[in-house]
Amino acid sequence: MHLLHTSGLSVGYRTKKQEKILLDDLHLHLEQGKLTALLGINGTGKSTLLRTLAGLQPSLSGQVCLEGKDLAKIPRSEVAQKISLVLTDKPEINLMKVKDLVSLGRYPYLGWAGKLTTFDKEKIDQAMQITQITTWAEQKVYQLSDGQQQKVWIARALAQNTPLLFLDEPTAHLDVINRLEILLLLKKIAEQQQKAILIATHDLSEVLQVAHEIWLINKEKKLISANALSLIEDNHIEKNFTNASIYFDRENKRFKLKTDA
Ligand SMILES: Nc1ncnc2c1ncn2[C@@H]1O[C@H](COP(=O)(O)OP(=O)(O)OP(=O)(O)O)[C@@H](O)[C@H]1O
């Protein structure tokens, strides 16, 4: 059984007057131990799909199933023990200490007294060790760089100890070294902790090298699910991400400028 799967899922927005379908007839699944990257140009519906898969917004039609059960029927408190999220809109927590922010990941498990147990503390320490942020534990979040802050958010999600982890643009605003570092960290976590990790991203070159599986939203607004090699061999990268002045260098999995030479 897949940790999460969709059948005939349509995502988008419904107002009283109209329905705006962004992606439809989605039959997707997420597996343990795999890092999946969701790619597509701006406005194609990546964040909307991520939010729908996490149950933060309703589907237009079709179903999301979490461990075989209809996600829409699972109480939020239970979903929080299965799916952790790192979204682009982050709450204002800059004055918090790093360790306190990571501790928020244990919120779905706190009893009526709201106290962290020994087990909670172990999970927090483990999450900080895996992401290598232990030395910043007592620092305020605002004192860290963007790349360091992103690791703190990943640690918070890890402390939540869920089988599924969704991240919206986890590498936005990071330089290439930090982008690869975060992607490799997520891949390692997926493999070593047997989690299913889904990221929405614009880092095409990087995820072609790192992700196990890619969900690519093409120009016809269809989602293609495949590994990097098949996407490249079947010309999906050229067809959807190149233009008159840019070509895709298959061998190095990189985009390059066409020169007149
Ligand atoms: N609350 C909303 N109500 C109606 N339409 C919305 C709403 N939120 C987003 N949209 C529209 O849905 C489309 C997809 O938005 P979404 O943020 O999912 O795209 P995206 O692929 O994540 O984009 P980006 O790469 O720029 O982050 C956009 O056209 C956007 O304007």
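All chains use their own residue numbering, which begins from 1 and follows the written sequence. A pLDDT threshold of at least 70 governs which residues receive local features in this predicted model, and a stricter bar of 80 or more applies before side-chain atom pairs are shown or counted, although totals over entire chains, interfaces and linings include all residues. Hydrogen atoms and water are omitted, and side-chain values are computed over all heavy atoms in the structure.

(A) Fine view of the pattern of salt bridges. Counted as salt bridges are all cases of a side-chain nitrogen of Lys or Arg within 4 Å of a carboxyl oxygen of Asp or Glu. Inspection of every chain in the model, using the stated rule, returns 13 salt bridges. Ionic pairing is found between Asp24 and Lys222, a salt bridge with its closest N-O pair at 3.7 Å. Here Asp24 is found in strand 2 (residues 19–26), whereas its partner Lys222 is found in the loop between strand 10 (213–217) and strand 11 (223–226), with 198 residues between them in sequence. Between Asp125 and Lys99 there is a salt bridge whose closest N-O contact spans 3.7 Å. What counts as a helix is a DSSP run of H or I of at least four residues, what counts as a strand is a run of E of at least two, and both are numbered from the N terminus.

(B) How the structure looks around the site of the ligand. The cutoff for a nearby residue is simple: one of its non-hydrogen atoms must lie within 4 Å of the molecule or strand. Close contacts around the ligand come from 13 residues, with Gly43, Lys46, Ser47, Thr48 and His202 the closest. The contact in question runs from an oxygen atom of the ligand to an N or O atom on the side chain of Glu169, over 3.3 Å. Here the ligand has 640 Å² of accessible area as a free molecule, and 60% of this is covered by the chains. Those elements giving two or more residues to the shell around the ligand turn out to be strand 2 and helix 1 (46–53). A 3.5 Å cut-off defines polar contacts: any pair of N or O atoms within that distance qualifies, except that in protein one atom must be a possible hydrogen donor and the other a possible acceptor, and neighbouring residues in sequence count only when both atoms are side-chain atoms. Where accessible areas are quoted, they stem from the Shrake-Rupley method and a 1.4 Å probe; at the residue level, only the protein chains shown are allowed to cover.

(C) Main features of the UniProt feature "domain: ABC transporter" (unreviewed entry) in the protein chain. UniProt positions are given in the numbering used here, feature names are shortened, and annotations may be inferred rather than shown by experiment. Mapped onto this structure's residue numbering, the UniProt feature "domain: ABC transporter" (unreviewed entry) falls at residues 4–244. In this annotation, residues 4–244 is assigned 34% helix and 24% strand; the end-to-end C-alpha distance for the span is 39 Å.

(D) Structural view of the domain arrangement of the protein chain. Looking at the assigned domains, one finds that the protein chain contains domain 1 (1–82 + 164–261) and domain 2 (90–161). Residue-level contacts link 16 residues of domain 1 with 13 residues of domain 2. A 1.4 Å probe defines the accessible area here, and the buried area is the portion of it lost by two parts on being joined, summed over both. For the pair domain 1 and domain 2, the summed buried area comes to about 1,300 Å², and 65% of that belongs to carbon and sulfur atoms. One can count 1 salt bridge joining domain 1 with domain 2. Per the annotation, domain bounds derive from an automatic or database assignment of domains. In what follows, residue pairs with any heavy atoms lying within 4.5 Å of each other are defined as contacts.

(E) Here's a closer look at the pairing of strand 4 (residues 35–39). Categorising residues by exposure relies on relative accessible area from a 1.4 Å probe, with only protein chains included: less than 20% of the type maximum marks a residue as buried, more than 50% marks it as exposed, and the intermediate range marks it as partly exposed. Strand 4 sits mainly inside the fold: 5 of its 5 residues count as buried. Both faces of strand 4 are covered, namely the face carrying Leu35, Ala37 and Leu39 and the face carrying Thr36 and Leu38. One ladder, built from 5 bridges, connects strand 4 with strand 9 (residues 196–201); its direction is parallel. Across the sheet, Ala37 pairs through a bridge with Ile199, a residue of strand 9. One ladder, built from 4 bridges, connects strand 4 with strand 10; its direction is parallel. Only strands joined by at least two bridges in the DSSP assignment are considered to pair.

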